[in-house]
Amino acid sequence: QVQLSESGGGLVQAGGSLGLSCAVSGRTFTMFAMAWFRQSPGKEREFVAGITWNTGRTSYADSVSGRFTISRDKEANTMYLQMNSLKPEDTALYHCAATNLHYPAVPRGREKFGYWGQGSRVTVSS
């Protein structure tokens, strides 16, 4: 079992920056990849960025590429999301997710992740 807990987020003006953290506990040695997803009211939960736990390979949604950076600290058992140049459309509840199943690339589908955090809210004002 793996437990995830997000922190960070908050309210920021458009063009500003925020950071999110996801602390991981439990059987971390079994993890293959982690990711950030986000969900806005009335919309489906969407992939934002993902990273493989051991090799650090990353993948980004087109909408955040060049603005967001995903990283992980294996010793601290923590994943991060640095969000720069934020836009009002980035407003959402951000969830971290983890999987211990192996895939040929960084997984991006919600169904591929079996462990989820409760979410951290990000609000970007215009």
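Not measured: the values here are computed from a predicted model.

Student: Teacher, can you tell me more about the sheet that holds strand 3 (residues 18-26) here?
Tutor: Each strand in a sheet pairs with another by means of backbone hydrogen bonds, the pair being arranged parallel or else antiparallel. Taking strand neighbours across the sheet as the criterion, the 4 strands line up as 1-3-8-7 in an open arrangement whose pairing is antiparallel. With one partner strand each, in any of the chains shown, strand 1 (2-8) and strand 7 (68-73) form the two edges of the open sheet. Direction aside, the axes of adjacent strands within the sheet are offset by 15 degrees on average. Sheet topology note: the strand 7/strand 8 (residues 78-83) ladder contains 6 bridges and is antiparallel.

Student: Quick question: what am I supposed to make of the pairing of strand 3 here?
Tutor: When a strand is regular, its side chains alternate between the sheet's two faces. Note that strand 1 and strand 3 share 7 bridges and pair antiparallel. The partner of G8 across the bridge, within strand 3, is L20. Bridging between strand 3 and strand 8 involves 6 bridges; their strand directions are antiparallel. By the bridge assignment, S21 is partnered in strand 8 with Y80.

Student: Help me understand unusual backbone geometry, please; the structure alone is not making it clear to me.
Tutor: Glycine aside, negative phi is the norm for most residues, and most peptide bonds take the trans geometry. A positive phi angle, close to 50 degrees, is found at N77, a residue other than glycine. For N77, a relative accessible area of 23% corresponds to the partly exposed category. With a phi angle near 50 degrees, S85 is a residue other than glycine that sits in the positive phi range. With respect to the helices and strands, S85 occurs in the loop between strand 8 and strand 9 (92-99).

Student: Which parts of the structure should I look at to understand the pattern of salt bridges?
Tutor: Side chains that differ in sign of charge can pair as their charged atoms come close. Taken as a whole and assessed by the stated rule, the structure comprises 5 salt bridges. Between E44 and R110 there is a salt bridge, with the nearest N and O atoms lying 3.6 Å from each other. Linking E44 in the loop between strand 4 (33-39) and strand 5 (46-52) with R110 in the loop between strand 9 and strand 10 (115-116), this pair joins segments that are 66 residues apart in sequence. We classify R110 as partly exposed; its relative accessible area is 38%. When the shortest N-O distance is used, the salt bridge between K112 and E111 registers 3.2 Å. Overall, the relative accessible area of 28% leaves K112 in the partly exposed class.

What counts and what doesn't
- By convention here, each chain's residues receive numbers from 1 onward along its written sequence.
- In keeping with the predicted nature of the model, local features appear solely for residues at pLDDT of at least 70, side-chain atom pairs appear and are counted solely at 80 or more, and the whole-chain, interface and lining totals rest on all residues.
- Excluding hydrogens and water, the side-chain figures rest on all heavy atoms present in the structure.
- Between any two strands, pairing holds if DSSP finds at least two bridges.
- A helix here means a DSSP run of H or I that spans at least four residues, while a strand means a run of E at least two residues long, and both kinds are numbered starting from the N terminus.
- Here an axis means a line fitted to C-alpha atoms, over the contact stretch when the element is a helix, while the angle between two N-to-C directions is reported on a 0 to 180 degree scale.
- The rule is simple: take the accessible area with a 1.4 Å probe, protein chains only, and divide by the maximum for that residue type; under 20% is buried, over 50% is exposed, in between is partly exposed.
- Between Lys or Arg on one side and Asp or Glu on the other, a salt bridge is scored when a side-chain nitrogen of the former is within 4 Å of a carboxyl oxygen of the latter.

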